[in-house]
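If you want the building blocks of each chain, they are given just below.
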Amino acid sequence: MYLVDADGHVEESETTFSDKYFDPAFRAQRPRVVAIDQMVYWMIEEQMYPRRVGRGAHNLGTPASYKGKKTPHAQKKSDTIASMEIHGVKERIEAMDKEGISLQVLYPTLFLAYPLAATPPLVTAMSTAYNRFLGDQIGAHERLKWAAVVNLDDVEGAVNQVKEAHELGAVAVMLLGTVGDRLLDDPAFLPFYEALVERDLTLAIHVGWACPALTGLFTHIYPSSVNAFLMPVLLGFSSMINSGLLDRFPTLRVGFLEAGCQWIHFMLDRLDHRFGHSGNFLADILPDTIPKAKLAPMEYMRQGNLYLSCEVEDTLLPEVVELVGDQVVYGSDMPHGDREVLSSDYLKQREDLSETVKTRILRENGARLYNLDISHAVRKAS
């Protein structure tokens, strides 16, 4: 089967932020890899990432190497350093072949935490360097695609990043579910959405430690990795549904990635319930209480441009498919340490899904999310 992986990852390395890609004005402040007490971290503005212990705890797979060797937390990963860090594409393609992945869309790892620095121009320099690195290593490769990152704390810079990333070959732009303590429907972000739609790039709302107020509630990475890591995706979904953004940008394709798919019934039900009640009692006195969205939540799902990734073992996956149709995609999470190797095989073996549904999840739906024409490649693979 020709298999589309809608969510793989890059483990950033010092090469990602090397002089070739990094804004000269900020090179002295570039992220650096440091080793402390047998662990390896990124040092950014004299702060270490990830922060696995203490208040605000979070976990990241990067950096995956130090002085040419795998870091302690990457030792159990079967992937090579070159495959994880994308030093050329040869070894990543070999890793994909072992798992039967025909096409993979890559997302970052370091940028799954917010904020990475207190200085917005430095974050813009970091994210721009990441995009230029992938543009250089991958470009518009036939089998490897990639999502750009932008810094919405610098909206003008984010617009420029969208333009450049499109020229470099990106097929999507990644956001976390919030921009710190701001929701994705903040009116200040409209120029970003305009630039995204103008270039027909997919918006991917990915799990990550997006909201410091939420992340700061936790002192252990276990509950943080469930609550602070996953909940922002639901906040991002709500922002898309209730804000009127989908009315203003009806062609925008949006994916909600790596939070499983079992939350969708709850969110649609609660949003639909409140849509029917919101503004009913106060509309005459407070017109601002009337919903900004023109349609009920399920109507936006039925338009067909909102997608969500599943975990292959999601118990309610058949019910989700029944609810939302062909808008569920597969993501391998390669090469992150908590992924299941050969996870697509698990999905293929499920007896509660038809072969047609499995094929759509593993191929067609992901291709539509990213607006990819894979017809020639599918025929070639057949």
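See the structure shown above.
All values derive from a computational prediction rather than experimental measurement. (Residues numbered from 1 in each chain as written. Predicted model: local features only at pLDDT ≥ 70, side-chain atom pairs only at ≥ 80, totals over all residues. Heavy atoms only, no water.)

Student: Got a sec to walk through the overall build of the protein? Specific residues and values, please.
Tutor: Of regular secondary structure, the protein possesses 14 helices and 15 strands. In summary, the protein has a C-alpha radius of gyration of 20 Å against a globular reference of 21 Å for 382 residues, a match within 12%. Each principal axis of the C-alpha distribution contributes one length, and for the protein these read about 65 × 50 × 40 Å. Burial analysis of the protein (382 residues in total) assigns 55% to the buried set. Sequence separation of 24 or more characterises 71% of the internal contacts of the protein that already satisfy a separation of 6 or more. Counting only carbon and sulfur atoms, one obtains 53% of the accessible surface of the protein, whose full area is about 16600 Å². In the protein, which carries 37 positive and 51 negative side-chain charges, the distance between the mean positions of the two groups comes to 4 Å. (Helix = DSSP H or I, 4+ residues; strand = E, 2+ residues; numbered from the N terminus. Rg over C-alpha atoms; globule rule 2.2 N^0.38 Å. Buried < 20%, exposed > 50% of the residue type's maximum accessible area, 1.4 Å probe, protein only. Contact = heavy atoms within 4.5 Å. Areas by Shrake-Rupley, 256 points an atom, 1.4 Å probe, with all protein chains shown as cover. Lys, Arg positive; Asp, Glu negative; His and termini not counted. Charge placed at Lys NZ, Arg CZ, Asp CG, Glu CD.)

Student: Help me get a handle on empty space enclosed by the protein, residues and values and all.
Tutor: Inspection of the entire model under this criterion finds 1 cavity of 30 Å³ or more. Roughly 30 Å³ of volume is contained in the largest cavity. Along its surface, the largest cavity is lined by Leu196, Val197, Asp200, Leu201, Thr251 and Leu252. Per-class residue counts for the lining of the largest cavity are 4 nonpolar, 1 polar and 1 charged. (1 Å grid on protein atoms, 1.4 Å probe; cavity = no way out; pocket = protein on both sides within 12 Å on 5 of 7 lines; lining within 4 Å. Points joined across faces, edges and corners; volume = space filled by probe spheres on them. Nonpolar A, V, L, I, M, F, W, Y, C, P; charged D, E, K, R; others polar.)

Student: Tell me about the sheet that holds strand β14 (residues 306-310), and please be specific about residues and values.
Tutor: Across the sheet, which stays open at both edges, the 8 strands sit in the order β1-β7-β8-β9-β12-β13-β14-β15 with parallel pairing between neighbours. Pairing within the sheet leaves two strands with one partner each, and these edge strands are β1 (4-9) and β15 (328-330). Put simply, the sheet's adjacent strands are angled 30 degrees from each other on average, direction ignored. Note: strand β12 (residues 202-206) against strand β13 (residues 254-257), 4 bridges, orientation parallel. Paired with Ile205 across the two strands is Phe256, which belongs to β13. Relative to the sheet, helix α13 (residues 355-369) contacts β1, β12, β13, β14 and β15, its axis offset from that of β15 by approximately 105 degrees. (Pairing = 2+ DSSP bridges. Axes fitted to C-alpha atoms, helices over the stretch in contact; angles between N-to-C directions.)

Student: Describe in detail the layout of surface pockets, supporting the description with residues and values.
Tutor: Each pocket or cavity is described by its volume, and for the largest pocket that value is around 1000 Å³. Looking at the largest pocket, it is lined by 41 residues, and the ones nearest its centre are Asp333, His336, Gly337, Asp338 and Arg339. The set of elements that each furnish at least two residues to the lining of the largest pocket consists of α7 (221-242) and β14. At 6 residues, the largest contribution of residues to the lining of the largest pocket is made by α7. The calculated volume of the second largest pocket comes to roughly 330 Å³. Taken together, 20 residues line the second largest pocket, and the ones lying closest to its centre are Tyr114, Val123, Val150, Asn151 and Leu152.

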